[in-house]
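Working through the structure, step by step
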Amino acid sequence: MQELIELQKDKALRDIGEKVLSGKRITKEEALTLFKSNDLAYICALAEYVNKQKNSNFAYFIVNIQINPTNICVYGCSFCAFGVKKTDSRAYELSTEQILSKISAAKELGIKEVHMVGGIPPHWRYEDYIKLTKTIKDHNPDIFLKAWTAVEIAHMSKLSSKSHIEVLMELKEAGLDALPGGGAEIFSERVRQIIAPTKANKEDYLDIHESAHKIGLSSNATMLYGHVETYEERVSHMDDIRKLQDKTGGFQVFIPLAYWPEGTRLGGRRTSSVDDIKTIAISRIFLDNFNHIKAYWVTLGERVAQIALNCGADDLDGTILEEKIVHSAGTTSPIAQSKSKLINIIKGANKIPVERDTFYNPICIH
Ligand code: V47
Ligand code: SF4
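Residues numbered from 1 in each chain as written. Chains lettered and ligands numbered in written order. Predicted model: local features only at pLDDT ≥ 70, side-chain atom pairs only at ≥ 80, totals over all residues. Heavy atoms only, no water.

**Considering unusual backbone geometry**
Definition in use: Counting from the N terminus, the helices are DSSP H or I runs at least four residues long and the strands are E runs at least two residues long. Burial classes follow relative accessibility: with a 1.4 Å probe on protein chains only, a residue under 20% of its type's maximum area counts as buried, one over 50% as exposed, and anything between as partly exposed.
A positive phi angle, near 65 degrees, is found at Ile320, a position not held by glycine. Position of Ile320 relative to the elements: it lies in the loop between strand E9 (315–318) and helix H15 (339–348). With relative accessibility at 0%, the residue Ile320 sits in the buried group. You will see that Leu321, though not glycine, has its phi angle at about 70 degrees, which is positive. If you trace the backbone, Leu321 turns up in the loop between E9 and H15. Judged by its relative accessible area of 22%, Leu321 is partly exposed.

Put into structure tokens, the structure is as follows:
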């Protein structure tokens, strides 16, 4: 590594390399320098150096199911092809029985986690969220429930006139184990005005995750990139997340989500593989207080996700079984992955596959 840094002709990149090698934190300006650089191989080498310090040669996956209980949503974010109005012919809403039977069927495959997030239907009451959480957990006490994004929590808080922390305490009491990272998008107010003007904002998102950490619920953080944001806005977003992690240590993993434009009002183009890999690698270098960076195969595709495992990422997410949010926006990824396929993707990246639970406790090394 030292040799690679010495060979680097660009002084700014060499200085960043020296910092990374000596375990020092890089600044926002340095992260921006990396985004503007075209030396992808160098950035990936630095990111993989950081990853190996944290995760050795291991890469993680989970046997899980994702459930999107409804696509009915009052918000209509312009980047989203999933959420629709109640009157739309594509609108659906799963009954509690349908959700329970999906979980029962998935149990045959050995799932360890239910990841549940959906739209914001105008007719759901606060009690409906609590009851659904409790019913799922009561029927499946052996499975971790990672559910409800900060957007859903903020909505529950409005419905119930309770604070974020009160809502989270009631959900935890009902059986919630962890919060997923959705709803962060890009925190910049300029960007939010274009892509998500009415839903929970940066302050709500950060307060909800901080509140979750306070009561012992760990959570994940995301960044939706590749639409109208600048590199500066990506770095600012990651900086807000890094600051909260310094304060609480409650985030488990950072997940860069590549934007898919099909069927969205926002439109635009899909991200390039180079941008995907660069964003994963820079997040690994910048977020020195995160243990894990996820290469979410649903947005990256299997092959880019596999390369990402050599460029700073150490986790693929899981079998998923069904996912509607990114598939509504045209992702070409399959709808599910078998456990053996995930193991093969990881082995193909020359990493050791570790089946994990929601909290990154190893279940089996393959
Ligand atoms: O918040 C919506 C994103 C997110 C599009 O916590 C889109 O482990 C791409 O957050 N193109 C929900 N992305 C998914 C999510 C997630 C996924 C996997 C694991 C975890 C975790 C969290 O999906 C939304 C939004 O940022 N999204 N539309 C789109 N057109
Ligand atoms: Fe609704 Fe979430 Fe889609 Fe926004 S991103 S429209 S809140 S489902």
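Past the structure itself, the notes keep going.
**Description of the pattern of salt bridges**
As a reminder, the rule being used: The salt bridge criterion pairs a side-chain nitrogen of Lys or Arg with a carboxyl oxygen of Asp or Glu, the two atoms within 4 Å.
This structure, assessed with the given rule, holds 28 salt bridges. Here Asp239 ties to Lys28 by a salt bridge, and the two come within 3.9 Å at their closest N and O atoms. Linking Asp239 in helix H11 (residues 231–248) with Lys28 in helix H3 (residues 28–36), this pair joins segments that are 211 residues apart in sequence. Salt bridges here are not isolated pairs; linked through shared partners, they connect Lys28, Asp239, Arg242 and Lys243.

**Overview of the site of ligand 2**
Applied cut-off: A cutoff of 4 Å decides nearness: a residue is near a molecule or strand if any of its heavy atoms lies inside that distance of it. Just so you know the grouping, Ala, Val, Leu, Ile, Met, Phe, Trp, Tyr, Cys and Pro go in nonpolar, Asp, Glu, Lys and Arg go in charged, and all remaining residues, Gly too, go in polar.
Around ligand 2 lies a shell formed by Cys73, Tyr75, Gly76, Cys77, Phe79, Cys80, Phe82, Gly119 and Lys199. Looking at the shell around ligand 2 residue by residue, the classes come out as 6 nonpolar, 2 polar and 1 charged.

**Focus on the packing of aromatic side chains**
As a reminder of what qualifies: Pairing of aromatic side chains here covers Phe, Tyr and the six-membered ring of Trp, requires ring centres within 6.5 Å, and sorts the geometry by plane angle: under 30 degrees stacked, over 60 edge-to-face, intermediate tilted. Either the NZ atom of lysine or the CZ atom of arginine qualifies as a charge over a ring when it sits within 6 Å of the ring centre and within 35 degrees of the ring normal.
Summed over the entire model, instances satisfying the criterion amount to 9 aromatic pairs. Measuring from ring centre to ring centre gives 5.6 Å for Tyr60 and Tyr360, while their planes differ by 75 degrees; the resulting arrangement is edge-to-face. On the criterion of sequence distance, the pair formed by Tyr60 in strand E1 (residues 58–62) and Tyr360 in the loop between strand E10 (352–356) and strand E11 (362–365) is long-range, its members being 300 residues apart. A single burial state applies to Tyr60 and to Tyr360, both of which are buried. Residues Phe254 and Phe290 carry aromatic rings whose centres are separated by 6.2 Å and whose planes lie at 80 degrees to one another, so their mutual orientation is edge-to-face. One end of the pair, Phe254, is in strand E7 (residues 251–258); the other, Phe290, is in the loop between helix H12 (273–286) and strand E8 (292–293), with 36 residues separating them in the sequence. We classify Phe254 as buried; its relative accessible area is 0%. When its relative accessible area of 0% is taken as the criterion, Phe290 is described as buried. In textbook terms, an aromatic cluster arises when at least three aromatic residues are bridged by ring pairs, as seen for Trp124, Tyr129 and Trp148. The ring of Tyr92 carries Lys324 above its face, with NZ or CZ at 5.6 Å from the centroid.

**Topic: the site of ligand 1**
Our working rule: Distance and chemistry together define a polar contact, namely a pair of N or O atoms within 3.5 Å, with one atom able to donate a hydrogen and the other to accept it when in protein, and with adjacent residues in sequence counting only for side-chain atoms on both sides. Residue exposure ignores everything except the shown protein chains as possible cover, and the areas themselves are Shrake-Rupley values with a 1.4 Å probe.
Near ligand 1, the surroundings consist of 22 residues, among which Lys146, Gly183, Glu185, Trp260 and Lys294 are the closest. Take Phe79: an N or O atom from its main chain is 2.9 Å from a nitrogen atom of ligand 1. Within the backbone of Gly183, an N or O atom sits 2.8 Å from an oxygen atom of ligand 1. Summarising the interface, the protein chains cover 97% of the accessible area of ligand 1, which totals 620 Å² for the free molecule. When contributions to the shell around ligand 1 are tallied by element, the ones reaching two or more residues are strand E6 (218–225) and E7. Along the lines of polarity and charge, the residues of the shell around ligand 1 split into 12 nonpolar, 6 polar and 4 charged.

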